[in-house]
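# Descriptive analysis of the structure
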Amino acid sequence: MPKRLIPVLSLLAAVILLVMLNFTTPTGIGPLGVLVFFTTFYVLMFGLAVGIVRIFAKLMRKQMGRKEYLYGVVIAFGPIMLMLAQSLGSISLLTVALTVIFVLLGCFLVSKRLN
């Protein structure tokens, strides 16, 4: 994966999100717009998660490989689940704890499947 592709796509997603948040409403944009919103939010979170994983990989003196990108994929899904729970109006400490457990189980699965 090209070294600059993920940061560029993440920055583009951030710009699209800012435009959507400033110029539209959820009822005015429709179902396709909501899908675009969640997709761009995931791309933004994926870029941030890969950046965090890259920092930890550098601290541990490891190269970024397929496993580290998969960790980023799993970690980026956590904020999406929290946002979906918030949109349903059921965010609580239990929801946050279950989301963290799900993300940790996903990371555990990545670690065991790629060894």
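The structure we're discussing is the one just above.
Everything numeric in this text was worked out from a predicted model, so none of it was measured.

## Focus: the environment of Ile-16
- If you trace the backbone, Ile-16 turns up in helix 1 (residues 5-23).
- As for Ile-16 and Phe-37, which are separated by 21 residues in sequence, their C-alpha atoms are 8.3 Å apart.

## Considering the packing of helix 1 against helix 2 (residues 26-59)
- Across the interface, helix 1 lies against helix 2 with an axial gap of 8 Å and an inter-helix angle of 140 degrees. By the angle class used here, helix 1 and helix 2 are oblique. In the crossing of helix 1 with helix 2, the sense of the turn from one axis to the other is left-handed. On helix 2, the residues that touch Ile-6, Leu-9, Ser-10, Ala-13, Ala-14, Ile-16, Leu-17, Met-20 and Leu-21 of helix 1 are Ile-29, Gly-33, Val-36, Phe-37, Thr-40, Phe-41, Val-43, Leu-44, Phe-46, Gly-47, Leu-48 and Val-50.

## Here we look at the environment of Phe-38
- On the secondary structure map, Phe-38 appears in helix 2.
- Residue Phe-38 is classed as partly exposed on the basis of its relative accessible area, which comes to 22%.
- The spacing of Phe-38 and Ile-80 is 42 residues in sequence and 7.5 Å in space, taken between C-alpha atoms.
- Discounting residues that sit within four places of it in the chain, Phe-38 has contacts with Ile-80, Met-83 and Leu-84.

## As for a nonpolar patch on the surface
- A cluster of nonpolar side chains, namely Leu-5, Leu-9, Leu-12, Ile-16, Leu-32, Leu-35 and Val-36, defines an oily patch on the protein surface of about 600 Å² accessible area.
- Take the nonpolar patch: its biggest share by element is four residues, from helix 1.
- Summarising the element assignment, Leu-32 is placed in helix 2.

## Focus on the environment of Ile-75
- The topology assignment puts Ile-75 in helix 3 (residues 66-88).
- Considered as a pair, Ile-75 and Ala-49 are 26 residues apart in the sequence and their alpha carbons are 6.2 Å apart.
- What Ile-75 contacts, discounting residues up to four positions off in sequence, is Ala-49, Val-53, Val-103 and Cys-107.

## A closer look at helix 3
- The end-to-end C-alpha distance of helix 3, which contains 23 residues, comes to 34 Å, matching closely the 33 Å that a straight helix rising 1.5 Å per residue would cover.
- What helix 3 keeps buried is the set Glu-68, Tyr-69, Tyr-71, Gly-72, Val-74, Ala-76, Gly-78, Ile-80, Met-81 and Ala-85.
- Considering only its buried residues, helix 3 is in contact with helix 1, helix 2 and helix 4 (93-113).
- Downstream of helix 3 by a residue or two, Gly-89 has a phi angle that is positive, lying close to 80 degrees.

About the criteria used
- Residues numbered from 1 in each chain as written.
- Predicted model: local features only at pLDDT ≥ 70, side-chain atom pairs only at ≥ 80, totals over all residues.
- Heavy atoms only, no water.
- Helix = DSSP H or I, 4+ residues; strand = E, 2+ residues; numbered from the N terminus.
- Axes fitted to C-alpha atoms, helices over the stretch in contact; angles between N-to-C directions.
- Parallel < 35°, antiparallel > 145°, perpendicular 65-115°, else oblique.
- Left-handed = near helix turned anticlockwise from the far one by under 90°.
- Contact = heavy atoms within 4.5 Å.
- Buried < 20%, exposed > 50% of the residue type's maximum accessible area, 1.4 Å probe, protein only.
- Patch = residues over 30% accessible without salt bridge, like charges linked within 9 Å, V, L, I, M, F, W, Y side chains within 5 Å.
- Areas by Shrake-Rupley, 256 points an atom, 1.4 Å probe, with all protein chains shown as cover.
- Salt bridge = Lys/Arg side-chain N within 4 Å of Asp/Glu carboxyl O.
- Expected span 1.5 Å × (residues − 1).

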